[in-house]
Amino acid sequence: MAYNPKTGKGLGNIYKAERRCTVRREWRGFRDTLYDYFRWLKMLGMLGAVLAPVLPQMMKGLTRYRWLVSYITTPAFVDRHTIGLRGYELRYTHLQFFVVLRNSAMTLRCILERDENLNPKSKKAAALRAKTVVFDEMMPIQIMNGFPTLKGISIQMLPIFEAGEIDQQANMYYIDAVEHYGLAADVCPLPAADSGCYIVDDYPRIGSAYISSSMPCDGSLASTMFSHRYFKMPSYQITPPQRFLETEVQEYAVKNLWGAVEFIEQQFNVKFDWDAFFEGVKRYNTECEYMLDKWDVNCTPYPQVCGAGLALHREYEMQIASSLDPAFVKYDAKVSKLMKKGYEKSKAADDKAKYRAIVWSCPAHYYSNFTYWAQNCWGIKTLVDMECMLSYHYYDEHDKEKVLLDMAKGYERMAMRSHSNGGYVNALDECWKMCEKFSANIVFMYNHVSCKNFAGLQGLFEDQARERGIHLIWIEHDLMDPRTVSRKAMRDRVNRYMTTVFRAEPLDPTLVDYDDDLTW
Amino acid sequence: MKDLQHLYYFESLLTEANNELVRQAQAQGGLALGYTCYHMPEVLLNLGKCFSVRLRAPRTGSMELATYYMSNATCEYARALLERGLEGGYKFLDALAGVDCCECMNRSMENMQLLKIEGTEKKSFFWSNIDVPCSDDEGCVAHFAEQLGRKVLKPLHESYGIDISEEAIREAVKEHNEVCRLITEIGNFRKLDNPTITGHEFHILTLISYTCPKHLIIDKLRETLEELKTREPDKKKNFRVKVVLIGSEIDDPELVSLIEDSGALVVADRYCYGSFPGRQELILSDDEPVLTQICRQYLQSSLCVRLCATHKVQKRLDYAAQLKDEYHADGIIYEQIKFCTYWSYERAFASHIIQNEYNIPTLSVDRPYMSRSSGQLRTRVQAFVESIEIKKIKAKKAGEVK
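Just so you know, these numbers come straight off a predicted model, no measurement behind them.

### Re the overall build of chain A
- Per the secondary structure count, chain A includes 21 helices and eight strands.
- For 520 residues, the compact-globule formula gives about 24 Å, and the C-alpha radius of gyration of chain A, at 22 Å, lands near that figure.
- Classification of the 520 residues of chain A by burial places 67% in the buried group.
- Total accessible area on chain A stands at roughly 18300 Å², and carbon and sulfur atoms take up 54% of it.
- Taken together, the 64 basic and 64 acidic charged side chains of chain A have centroids lying 6 Å from each other.

Right under this line is the structure:
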C-alpha cells in the first residue's frame, strides 16, 4: 500500500492543484520502481522508433492539429494508470497498455505519412492514400483482414477518442466549436467533438473511400452528416440492425456488411482475400480466448487483470486493431502467463479483494483511471467493465457463410452498442447477470449525463438494484468534457457512498480529496 | 376569416388521447392500436376493425414519475408519453406498435412495457418494437417488411383474428389514401398568395387524421374541404411573412399558433406529426406483395433525420428548399424539441447550409414539449420576421436604385 500512516503521506500528495503533471513519481519499492522505469524507457524508445521516420510530418502536424499536441503527454497517461500498482498487477497493466500504445503509434505514423494536409505534394503520400480506406468511429475494421493490400484506418480514434483519454483537456475545443455552430449542449460529447473537429477542419485527409456507420448511438449516427460532407469521398454506410438478439435480423445484417466488402472491392479494384481473412479470424479467436481467461480468473476470489488495463486494452484490441496487429496475441500470451503466476501467488497469500465491483454504462474518457483510484483509495477492485464486453463470441474459422454471420454479430456487439442497443435486456438484465457471474455486489453505474440511452433506464436500474440488494453507485460524468463534471466530483460520489453506506475508512486518506482539474 | 365549421369540435378532440371518437369506435367493437412514429406504417394499423391512434400527451404538466424513470436529460415528448401511460392514460389501447428509431422513444416504450401501463384488463394486448433500418435500399425494404409482418401483422391475426390478407391491406390503403387526398387538397390552400387556411387550423386537421378513427372523421374532412373552396380570406393579410416549419415532433397546435401570432404564417409542415411526409397517397401495383410496396414507399419517402446516408441528407435539404418555393414561403424555421439528439444535429447542420448555400433565411430554435407560452420563442420568431422584412425592404430599395 502506498499510504504511510506514520508520515500521513500517500498517493494524493503527488498531485498539486496548479500542476498539469504529478509532482513526483511514486516509489514502489526497489524491484517495482526499477521495472516501472524500464517500461517507461521502453515505451519512449518504442514511440521514438515508430515515429522517427515521420518526424518532419510530426513537427508540422503539431502546429497543424490541435489534437496531436495531446499525444506528447502519453507517458503521463501510462503513469496515471499504474499509480499504486505493485507486483504482477503493475506488470499486467504495463504490458496491456504498451501494446495498445504501440498500435496507436503505428496508426499515427500511417496517418502522418498519408495526410494530404501535411504532404500536399508528396507522390508517396498520394499513393498511400489511394490504398487507404477511412472508417467511421466506434466501428471495428475487421473486414480489412480480407484486404491485405489495403490499409484501413479509424479516422476519429486518434484525433478524438484516444486523445480524450490521454489528455482530459483534448476535446474541449472541438466541443465548443460545434456548440458555437449550433449543436445543443445536451448531446453526447463524443460525436459532438467529432463534428467539431470537422467544422474546424482538424481531420487529416488520408484515404480515398469512406465507410461510415450507424454505431453505436443516435449522436454517432447523426454526426456522419458532418463526416460525409467533410470527406467528400465515395462512401458506404454499415447499419447493423438494432434488435440484434433476433435471429431474423441477421440476414439483413450480413447483406449490409457484405455490401461494405463489395464497396471496397469496387473502389479499389481488389478482391476479398478469404485466406488472409481467416488468418485474422484465427487471431480474433485467440484474442477472445485470452480475454475470457482473464474474466474467468476475475470471477474467482483472486482477480488479476482488472480496471482500465482490462477494459481499454480489449476495446482497442477488438475495435481499433481489429485482429490486424499480431502483436496483440503476443502480448496477450505474455499477460496470460503472468496472470497464472499472479493468481497462484494471490491464492497462496489469500489476497482477496476488499470490495468487488463491476463498471456499467459508458465510462468517462477523461477519467479512464478512475477504477484504479477506487482501488487505491477504497480497496474496490473493478472486475469487469461493460466497455470490454463487446463482441466475444468465436468466429467460424473455415466456412465463409458462417464466418460472415459471426462477424455481423460481432459488428452488432461493438463498444457501447452491445449493451445500449438491442433492447433493455442487454443493459438491465445483463448487468445483474454479470454481478452474479463476478460475485460483485457493487456497480459503478456511470451516469453519462448526455447519454439518453442509459438515462432512459435510470429508474429501472434503481428499482431493480434495490430489489437485488446491489450497491449501485451513480457516478455522473460527461464523457469527454470534464468541465461539466470534474474528476473530483466523480470521486466524491464514491467517497460519499463509501462513508455513508458502507461506513468504510479509506485505505489512503490522501486520495479522498485532492485537486487534479488541471492535470492531463 | 370565418371560422371553419368543425374546427372547434376537432380542437376539443385533441384535448385527450382517448377522445370521444376513439371511445365511440371502441364501443362499436373497434380495436385501438397506439403508435408514435412515422416509421410504423399507420395503414397497417387500420386493417378491418382496427384503427390507429398516434399517441400524444395533451395538457401535460408535471412529469415527475417519468423523470424518475428516464432522468431529466431525455426527450420531453418521450417522457410525457411515459408519464401519461403511468397515469393510466393509455389503458384504452389494445396494442402498442413501437419502433426502435430513437433512443428516448425506444426507452419510453420499454419503460411502459416493463411497468405494464396497459393494465390487466386487455388480455390480448401486445407490444411490438420494430427494428427500422437506417436507409432505403432493397435490403432495408425486405428487412422492414419482415419486421412488420412478424411483429405487427402476425400478432394482429393471432391475438385478434384480424384479416391480414393482401385484399384487406389494399382496402386499408384505399381509406388511407382518401384521407391523404383530403388533407393534401386542404393543404394546397396554403399555396395561395393570401391563404384561406392558417397553419394552426391545418395542423389541427392533420392531427385529427392521425389520432382519430378515420372512418369517423372522413365526412367532416370532406365538408371542411368544401367549406374551404368558398372561404374568403381576410382582406388585409394578417401575417407578415410566410414560413416553412421543419423539425422534430409537434403535436400541440398551439405552438404553431404562437409562431403565427408572432407574424409568421406556417404554410408547410415538415415535422413529425405534420403532413410532409405522412399524408401522401400510397400507390400500389399488382406486381409484388403489398407489404413490400408499403415498406418501400415508407422508407423512400421518410425524411427522418436518423436516415443519414448522403442521398437522404441531400434529399432533406432539397426538399426544404422545394417546400419553400412551392408554398411561396419567405423563410424556414428549424425547430427541435429539447434533448432530441437527431434533430439537434440536423438543426445545426441544415440551418447553416440552407442559409448559406441555398440563401434562404433560416431561424434555428429549440423548445420544450409544451411550448405554447414560451416568451423566448415568441421573441425569436418576432425577430426573425423583422429580419425577413428588413431584407425585403433592402432588396426592394436595391431594385429601385438599379
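### Notes on the overall build of chain B
- For chain B, the helix and strand inventory stands at 14 helices and eight strands.
- Restricting to contacts in chain B with at least 6 residues of sequence separation, those with at least 24 account for 74%.
- For chain B, the exposed surface amounts to about 15000 Å²; the carbon and sulfur share of it is 51%.
- Side chains of chain B give 51 positive and 58 negative charges; the mean places of these two sets differ by 4 Å.

### Overview of the interface of chain A and chain B
- Each partner contributes residues to the interface: chain A has 50 residues there, and chain B has 48 residues.
- Buried surface at the junction of chain A and chain B, summed over both partners, amounts to about 4300 Å²; 57% is from carbon and sulfur atoms.
- Of all residues in chain A, Asp218, Met225 and Lys452 of chain A give up the largest surface area on contact with chain B, accounting jointly for 17% of the area buried on that side.
- Residue Glu110 of chain B pairs with Arg243 of chain A through a salt bridge whose shortest N-O separation is 3.0 Å.
- Our count for the contact surface shared by chain A and chain B stands at 24 residue pairs in polar contact (both at pLDDT 80 or more).
- Listing elements by their share of the side of chain A that touches chain B, those giving two or more residues are α9 (189–199), α10 (218–231), β4 (235–238), α17 (417–420), α19 (452–455) and α20 (458–468) of chain A.
- Counting residues per element, the side of chain A that touches chain B draws most heavily on α10 of chain A, which supplies ten residues.
- Class assignment of the residues belonging to the side of chain A that touches chain B gives a composition of 22 nonpolar, 18 polar and ten charged.

### Observations regarding a nonpolar patch on the surface
- Taken together, the side chains of Trp27, Phe30 and Leu34 of chain A define a hydrophobic patch exposed on the protein surface, amounting to about 410 Å² of accessible area.
- Among the structural elements, Trp27 of chain A can be located in the segment before α1 (30–51).

### With respect to the sheet that holds strand β3 (residues 95–100) of chain B
Residue and element names in this part refer to chain B.
- Spatial ordering of the open sheet is given by β2-β1-β3-β4, a layout of four strands whose pairing is parallel. The sheet is open, and its two edges are formed by β2 (50–54) and β4 (126–131), each paired on a single side. Taken over all neighbouring pairs, the strand axes of this sheet differ in orientation by 25° on average, direction set aside.
- Relative to β3, strand β1 (residues 31–35) is paired through three bridges, and the arrangement is parallel. By the bridge assignment for β3, Leu33 is matched with Ala95.
- Strands β1, β2 and β4 of the sheet are contacted by helix α6 (residues 138–160), whose axis makes an angle of about 170° with β4.

### What about the confidence of the model for chain B?
- Chain-level pLDDT for chain B is 96 on average; 100% of the residues reach the 70-or-more range.
- Model confidence for the complex: the whole-complex pTM is 0.96, and ipTM, which rates the interface, is 0.95.

### Quick notes on the nonpolar core
- The biggest cluster of nonpolar side chains holds 238 residues, and the ones touching the most others in it are Ile264, Ile358, Trp360 and Phe461 of chain A.
- Looking at this core, the element that brings in the most residues is helix α5 (residues 87–114) of chain A, giving 13 residues.
- Dropping the residues within four chain positions of it, Ile358 of chain A is found in contact with Val384, Cys431, Met434, Cys435, Phe438, Ala440, Ile442, Val443 and Phe444 of chain A.
- Listed in part, the 40 residues of the second largest apolar core include Val43, Val152, Tyr210 and Leu291 of chain B.

### Section: the packing of helix α10 (residues 253–261) of chain B against helix α14 (residues 375–401) of chain B
Residues and elements named next belong to chain B.
- Here α10 crosses α14 at 45°, and the two axes come no closer than 8 Å. Between α10 and α14, the crossing angle belongs to the class labelled oblique. Judged by the twist between their axes, the crossing of α10 over α14 is right-handed. Side by side, α10 and α14 meet where Leu255, Leu258, Ile259 and Asp261 of the first sit next to Leu377, Arg378 and Val381 of the second.
- Looking at the contact of α10 with α14, its residues break down into five nonpolar, no polar and two charged.

### Details of helix α9 (residues 214–229) of chain B
Residues and elements named next belong to chain B.
- For α9, spanning 16 residues, the distance from its first C-alpha to its last is 22 Å, which sits close to the expected 22 Å at 1.5 Å a residue.
- Inspection of α9 places Lys214, Leu216, Ile217, Ile218, Leu221, Thr224, Leu225 and Leu228 among the buried residues, and these make up the whole buried set.
- Those residues of α9 that are buried lie in contact with α1 (7–13), α2 (20–27), β2, α7 (166–188) and α8 (199–211).

### Some points on the sheet that holds strand β2 (residues 151–154) of chain A
Residue and element names in this part refer to chain A.
- The sheet built from four strands is open, its strands ordered β2-β1-β3-β4 with parallel pairing. Looking at which strands have only one partner, the edges of the open sheet turn out to be β2 and β4. With strand direction ignored, the average angle separating the axes of adjacent strands in the sheet is 25°.
- Of the pairings in the sheet, the one linking strand β1 (residues 132–135) to β2 comprises four bridges and is parallel in character. The residue of β2 that forms the bridge with Val134 is Ile153.

### Quick look at the side chain of Glu335 of chain B
Residue and element names in this part refer to chain B.
- Tracing the sequence through the fold places Glu335 in strand β7 (residues 331–337).
- There is a polar contact of 2.9 Å between the side chain of Glu335 and the backbone nitrogen of Ser248.
- Looking at Glu335, its side chain comes within polar contact range of the side chain of Arg367, at 2.7 Å.
- In contact with Glu335, other than residues within four places in its own chain, are Leu245, Ile246, Gly247, Ser248, Ile250, Tyr271, Trp343, Arg347, Val365 and Arg367.

### Remarks on the side chain of Glu249 of chain B
- Within the fold, Glu249 of chain B resides in the loop between β5 (241–247) and α10.
- Buried within the structure, Glu249 of chain B lacks any salt-bridge partner; Arg367 of chain B is the closest side chain of opposite charge, at an N-O distance of 4.5 Å.

### Considerations on the packing of aromatic side chains
Residue and element names in this part refer to chain A.
- Per the stated rule, a full pass over the model turns up 51 aromatic pairs over all chains.
- Here Phe454 and Phe461 contribute two aromatic rings whose centre-to-centre distance is 6.2 Å and whose plane-to-plane angle is 20°, an arrangement assigned as stacked.
- Here Phe454 falls in the buried class, since its relative accessible area comes to 6%.
- By relative accessible area, Phe461 is classed as buried at 0%.
- In textbook terms, an aromatic cluster arises when at least three aromatic residues are bridged by ring pairs, as seen for Phe147, Trp258, Phe272, Trp274, Phe277 and Phe278.
- Directly above the ring of Tyr37 sits Arg25, whose terminal nitrogen or CZ lies 5.2 Å from the centroid.
- Taking NZ or CZ as reference, Arg91 lies 4.3 Å from the ring centre of Tyr35, over its face.

### Digging into the pairing of strand β3 (residues 209–213) of chain A
Residue and element names in this part refer to chain A.
- Most of β3 is tucked away, with five of its five residues classed as buried.
- When β1 meets β3, the two strands line up parallel, connected through three bridges. Note on β3: the bridge partner recorded for Phe135 is Ile211.
- Of the pairings in the sheet, the one linking β3 to β4 comprises four bridges and is parallel in character.

### Observations regarding the pattern of salt bridges
- Under the counting rule described, the total for this entry stands at 62 salt bridges over all chains.
- Taking the shortest distance from any N to any O, the salt bridge between Asp463 of chain A and Arg466 of chain A comes out at 3.9 Å. Separated by three residues within a single helix, Asp463 of chain A and Arg466 of chain A lie in helix α20, roughly one turn from each other.
- Overall, the relative accessible area of 17% leaves Asp463 of chain A in the buried class.
- In this structure, Glu389 of chain B and Arg240 of chain B form a salt bridge, with 2.8 Å as the shortest nitrogen-oxygen distance. Within this pair, whereas Glu389 of chain B is found in helix α14, its partner Arg240 of chain B is found in the loop between α9 and β5, the two being separated by 149 residues in sequence.

### Considerations on α10 of chain A
All names here are of chain A.
- Taking 1.5 Å of rise per residue, 14 residues should cover 20 Å, and α10 covers 21 Å from first to last C-alpha, within 8% of that figure.
- The largest bend in α10 amounts to roughly 25° and is located at Met225.
- Summarising burial for α10: 13 of the 14 residues are buried, a large majority.
- With its phi angle positive at about 50°, Lys232 sits one or two positions after the end of α10.

### Some points on the pairing of strand β8 (residues 362–367) of chain B
Residues and elements named next belong to chain B.
- When β7 meets β8, the two strands line up parallel, connected through six bridges. Residue pairing for β8: Gln336 is matched across the bridge by Asp366.
- Crossover β7 to β8 through helix α13 (residues 341–356) is right-handed.

Thresholds applied
- Residues numbered from 1 in each chain as written.
- Chains lettered and ligands numbered in written order.
- Predicted model: local features only at pLDDT ≥ 70, side-chain atom pairs only at ≥ 80, totals over all residues.
- Heavy atoms only, no water.
- Helix = DSSP H or I, 4+ residues; strand = E, 2+ residues; numbered from the N terminus.
- Rg over C-alpha atoms; globule rule 2.2 N^0.38 Å.
- Buried < 20%, exposed > 50% of the residue type's maximum accessible area, 1.4 Å probe, protein only.
- Areas by Shrake-Rupley, 256 points an atom, 1.4 Å probe, with all protein chains shown as cover.
- Lys, Arg positive; Asp, Glu negative; His and termini not counted.
- Charge placed at Lys NZ, Arg CZ, Asp CG, Glu CD.
- Contact = heavy atoms within 4.5 Å.
- Buried area = accessible area lost by both parts, 1.4 Å probe.
- Salt bridge = Lys/Arg side-chain N within 4 Å of Asp/Glu carboxyl O.
- Polar contact = N/O pair within 3.5 Å; in protein donor to acceptor, adjacent residues only side chain to side chain.
- Nonpolar A, V, L, I, M, F, W, Y, C, P; charged D, E, K, R; others polar.
- Patch = residues over 30% accessible without salt bridge, like charges linked within 9 Å, V, L, I, M, F, W, Y side chains within 5 Å.
- Pairing = 2+ DSSP bridges.
- Axes fitted to C-alpha atoms, helices over the stretch in contact; angles between N-to-C directions.
- pLDDT = per-residue confidence, 0-100.
- Core = buried A, V, L, I, M, F, W, Y, C linked by side-chain atoms within 4.5 Å.
- Parallel < 35°, antiparallel > 145°, perpendicular 65-115°, else oblique.
- Left-handed = near helix turned anticlockwise from the far one by under 90°.
- Expected span 1.5 Å × (residues − 1).
- Phe/Tyr/Trp six-rings, centres within 6.5 Å; stacked < 30°, edge-to-face > 60°.
- Lys NZ or Arg CZ within 6 Å of the ring centre and 35° of its normal.
- Bend = angle between axes of the 7 residues up to and from the residue.
- Right-handed = clockwise from strand over helix to strand, strands pointing away.

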